[in-house]
Amino acid sequence: MRRKLITELREKGIEQDKVLEAFDEVPRHYFLDEVFNHQAYSNIAFQIGAGQTISHPFTVAFQTELLNVERGDRILEIGTGSGFQTSILSALGARVVTIERQRELFLNAKRIIHRLGFTPKLFYGDGYKGKVTYAPYDSIIVTCGAPFLPEDLKKQVKIGGRIVIPIGKGDQQIMTTFDRIDENEWDVKEYGDFSFVPMLKNTAR
Ligand code: SAH
């Protein structure tokens, strides 16, 4: 089933072999409730509890490809959710720092990711603030629909780095990349419509 999904991702336009190999390495069914096991490798999104969803495999692959991940890259992820995207980035050899605002999901993702043997740094907190402790990042990925590009994230990506973020106020967002050319100079590109759960202000302490 995993191989079939990889073929499908390739047909839909995912080109980087290393991204497809990461999909081969990470068992998506570990991240879903058992009742969904038989559909874990279909290109669909699922509820993961707390009103949130694990993204479509294509969306995960698409965002990952936009990150141009190199082994050893330090990557900040906002919205750990199920932990699937975190694991894909870890499988690519990135040093991942990831933030989730819902405690239940944070704890669950942590358990599964560790069970798979990956060692990202996981935090329960507010993604709008990023994680300055480990900045600057080679790249930043936001996996919830953001109303705007948060100021703190802009400061935490290195010059020459990239932020991949779906931007939009409603149910639909436009996948956008911000390449940091210089201190205050950004090259912005758009990649079409996607649909993520909204990025919410955090109440975590
Ligand atoms: N990368 C995830 C996608 C999960 S959906 C995966 O592979 O499964 C997006 C997640 O972003 C949800 O879990 C939601 O709780 C979280 N989120 C929303 N607003 C946030 C914020 N301000 N800070 C951190 N996480 C946030």
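Before going into details, it helps to say that this report is about the structure given with it. The shown structure was predicted, so the numbers you read here are calculated from the model rather than taken from an experiment. (Residues numbered from 1 in each chain as written. Predicted model: local features only at pLDDT ≥ 70, side-chain atom pairs only at ≥ 80, totals over all residues. Heavy atoms only, no water.)

**A short note on the overall build of the chain**
Then, number 1: Scanning the chain for helices and strands turns up 6 helices and 9 strands.
Then, number 2: Scaling as 2.2 N^0.38, a compact globule of 205 residues should have a C-alpha radius of gyration of about 17 Å, and the chain matches this with 16 Å.
Then, number 3: Here the chain holds 205 residues, and the buried ones make up 53% of them.
Then, number 4: Summed over its atoms, the accessible surface of the chain is roughly 9900 Å², and 48% of this surface lies on carbon and sulfur atoms.
Then, number 5: Taken as two groups, the 27 positive and 27 negative side-chain charges of the chain have centres that lie 7 Å from each other. (Helix = DSSP H or I, 4+ residues; strand = E, 2+ residues; numbered from the N terminus. Rg over C-alpha atoms; globule rule 2.2 N^0.38 Å. Buried < 20%, exposed > 50% of the residue type's maximum accessible area, 1.4 Å probe, protein only. Areas by Shrake-Rupley, 256 points an atom, 1.4 Å probe, with all protein chains shown as cover. Lys, Arg positive; Asp, Glu negative; His and termini not counted. Charge placed at Lys NZ, Arg CZ, Asp CG, Glu CD.)

**What to know about the nonpolar core**
Nonpolar side chains tend toward joint burial in soluble globular proteins.
Then, number 1: Counting residues in hydrophobic clusters, the biggest one holds 43 residues, and the most contacted among them are L9, I14, F23, F84, I88 and L89.
Then, number 2: Breaking this core down by element, the ones donating at least two residues are α1 (2-11), α2 (17-25), β1 (46-49), α3 (57-67), α4 (84-91) and α5 (103-115).
Then, number 3: When residues of this core are assigned to their parent elements, the largest contribution, 6 residues, is made by α3.
Then, number 4: Contacts of L89, omitting those with residues within four sequence positions, involve T64, L67, V69, I75, A94, V96 and I141.
Then, number 5: In terms of nonpolar packing, the next biggest core, distinct from the first, is built from 17 residues, I99, L153, I163 and M199 among them. (Core = buried A, V, L, I, M, F, W, Y, C linked by side-chain atoms within 4.5 Å. Contact = heavy atoms within 4.5 Å.)

**Points about the packing of α3 against α4**
Then, number 1: Remark: α3 packs on α4, axes separated minimally by 11 Å, with the N-to-C direction vectors making an angle of 40 degrees. Taken together, the axis directions place α3 and α4 in an arrangement best described as oblique. Viewed along their axes, α3 and α4 form a crossing whose handedness is right-handed. Residue-level contacts link V60, Q63, T64 and L67 of α3 to F84, Q85, I88 and L89 of α4.
Then, number 2: Of the residues in the contact of α3 with α4, the class split is 5 nonpolar, 3 polar and no charged. (Axes fitted to C-alpha atoms, helices over the stretch in contact; angles between N-to-C directions. Parallel < 35°, antiparallel > 145°, perpendicular 65-115°, else oblique. Left-handed = near helix turned anticlockwise from the far one by under 90°. Nonpolar A, V, L, I, M, F, W, Y, C, P; charged D, E, K, R; others polar.)

**Brief notes about unusual backbone geometry**
Then, number 1: Going from A135 to P136, the amide bond is cis rather than trans, its omega being 0 degrees.
Then, number 2: If you trace the backbone, P136 turns up in the loop between β5 (121-124) and β6 (137-142).
Then, number 3: Backbone geometry at A50 places phi at a positive 55 degrees, although glycine is not the residue there.
Then, number 4: For A50, the position within the fold is in the loop between β1 and β2 (52-54).
Then, number 5: Of note in the backbone geometry, N68 takes a positive phi value of approximately 45 degrees without being a glycine.
Then, number 6: Within the secondary structure layout, N68 lies in the loop between α3 and β3 (74-78).

**Quick word on the environment of E185**
Then, number 1: With respect to the helices and strands, E185 occurs in strand β9 (residues 185-194).
Then, number 2: Exposure remark for E185: the relative accessible area of 43% places this residue in the partly exposed category.
Then, number 3: For the pair E185 and I159, spaced 26 residues apart in the sequence, the C-alpha separation amounts to 9.2 Å.

**Points about the site of the ligand**
Then, number 1: Close contacts around the ligand come from 27 residues, with G79, S82, E100, G127 and L200 the closest.
Then, number 2: Within the side chain of E100, one N or O atom sits 2.6 Å away from an oxygen atom of the ligand.
Then, number 3: Note that a nitrogen atom of the ligand is positioned 3.4 Å from one of the backbone N or O atoms of R101.
Then, number 4: A molecule is said to occupy a pocket when more than half its atoms come within 2 Å of that pocket's grid points, and by this definition the ligand occupies the largest pocket.
Then, number 5: For the shell around the ligand, the element with the highest residue contribution is β2, accounting for 3 residues.
Then, number 6: Classifying every residue of the shell around the ligand gives 11 nonpolar, 12 polar and 4 charged. (Near = heavy atom within 4 Å. Polar contact = N/O pair within 3.5 Å; in protein donor to acceptor, adjacent residues only side chain to side chain. 1 Å grid on protein atoms, 1.4 Å probe; cavity = no way out; pocket = protein on both sides within 12 Å on 5 of 7 lines; lining within 4 Å. Sits in = over half its atoms within 2 Å of the grid points.)

**Overview of the side chain of E65**
Then, number 1: Positionally, E65 belongs in helix α3.
Then, number 2: Within the structure, E65 has its side chain in polar contact with the backbone nitrogen of Q16 (distance 2.6 Å).

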